[in-house]
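Descriptive structure summary
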Amino acid sequence: MSDIVFIRGLRLDTRIGIHDWEKQTTRPVILDLEMASDVARAAASDRIADALDYDAVTRRLAEVVTNNRHELVETLAEQCAALLMREFGIAWLRLSLNKPGAVGQGVDVGVVIERGVRPS
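Now for a look at the structure at hand. Throughout, residues of each chain are indexed from 1 in the direction in which the sequence is written. Predicted model: local features are reported for residues with pLDDT of at least 70 only, side-chain atom pairs are reported and counted for 80 or more only, and whole-chain, interface and lining totals are derived from all residues. With hydrogens and water set aside, each side-chain value is computed from the structure's full complement of heavy atoms.

**Examining the environment of Asp55**
The criterion, for reference: The secondary structure listing takes helices from DSSP runs of H or I that are at least 4 residues long and strands from runs of E that are at least 2 residues long, numbered from the N terminus.
Its place among the elements puts Asp55 in helix α3 (residues 54-67). Residues Asp55 and Gln105 lie 50 residues apart in sequence; the distance between their C-alpha atoms is 32 Å.

**Digging into α3**
Worth spelling out the cut-off: Each helix should span, by expectation, one fewer than its residue count multiplied by 1.5 Å. Remark: exposure states derive from per-residue accessible area (1.4 Å probe, protein chains only) relative to the maximum for the residue type, with buried under 20%, exposed over 50%, and partly exposed in between. Contact between two residues is taken to exist if any of their heavy atoms lie within 4.5 Å; hydrogens are not considered. We call two N or O atoms a polar contact when they sit within 3.5 Å, provided that within protein one can donate a hydrogen and the other can accept it, with sequence-adjacent residues counted only if both atoms are side-chain atoms.
The terminal C-alpha atoms of α3, which comprises 14 residues, lie 20 Å apart, in line with the 20 Å expected from a rise of 1.5 Å per residue. Ala56, Val57, Thr58, Leu61, Val64 and Val65 are the residues of α3 that are buried. Where α3 is buried, its residues contact β1 (4-16), β2 (27-36) and α4 (73-88). The N-capping residue of α3, defined by a side-chain oxygen 3.0 Å from the backbone nitrogen of Asp55, is Asp53.

**Digging into the sheet that holds strand β5 (residues 109-116)**
Note the cut-off: Two strands are counted as paired when DSSP detects at least two bridges linking them. Axes here mean lines fitted to C-alpha atoms, for a helix over just the part in contact, with angles spanning 0 to 180 degrees between N-to-C directions.
Ordered in space as β3-β1-β2-β4-β5, the five strands form an open sheet in which the pairing is mixed. This sheet does not close on itself; its edge strands, each paired only once, are β3 (69-70) and β5. Inspection of the sheet shows β1 paired to β3 by two bridges, in the parallel sense. What sits directly across from Arg15, in β3, is Arg69. Seen against the sheet, α3 touches β1 and β2 and runs at an angle of roughly 20° to β1.

Distances and angles like these do not, on their own, reveal function.
So this is what it looks like as structure tokens:
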């Protein structure tokens, strides 16, 4: 299986950061995801039950990201990846988490992580 389902530009507000002022306010993070998924079954049936439901994925991520506070983007990225793999049975994913303006106006920082076994 080498099919990939992607979600790009998922913008969610959360409390994230190490500075006192960051702990008092929400700020956006932007997630981009690539997830291994065998799309052939869904393509043949044309049923959402046979697909990796990206709406369900985005709703679950929104719930976790907006309702929790983290100091590090690394921690948030790891928690999101682990949740997706566990709850949606994803064997491999690449997750990019961007914290816009983290170190100054117009400067974005973040992490890109890959977890699981990449499809060949």
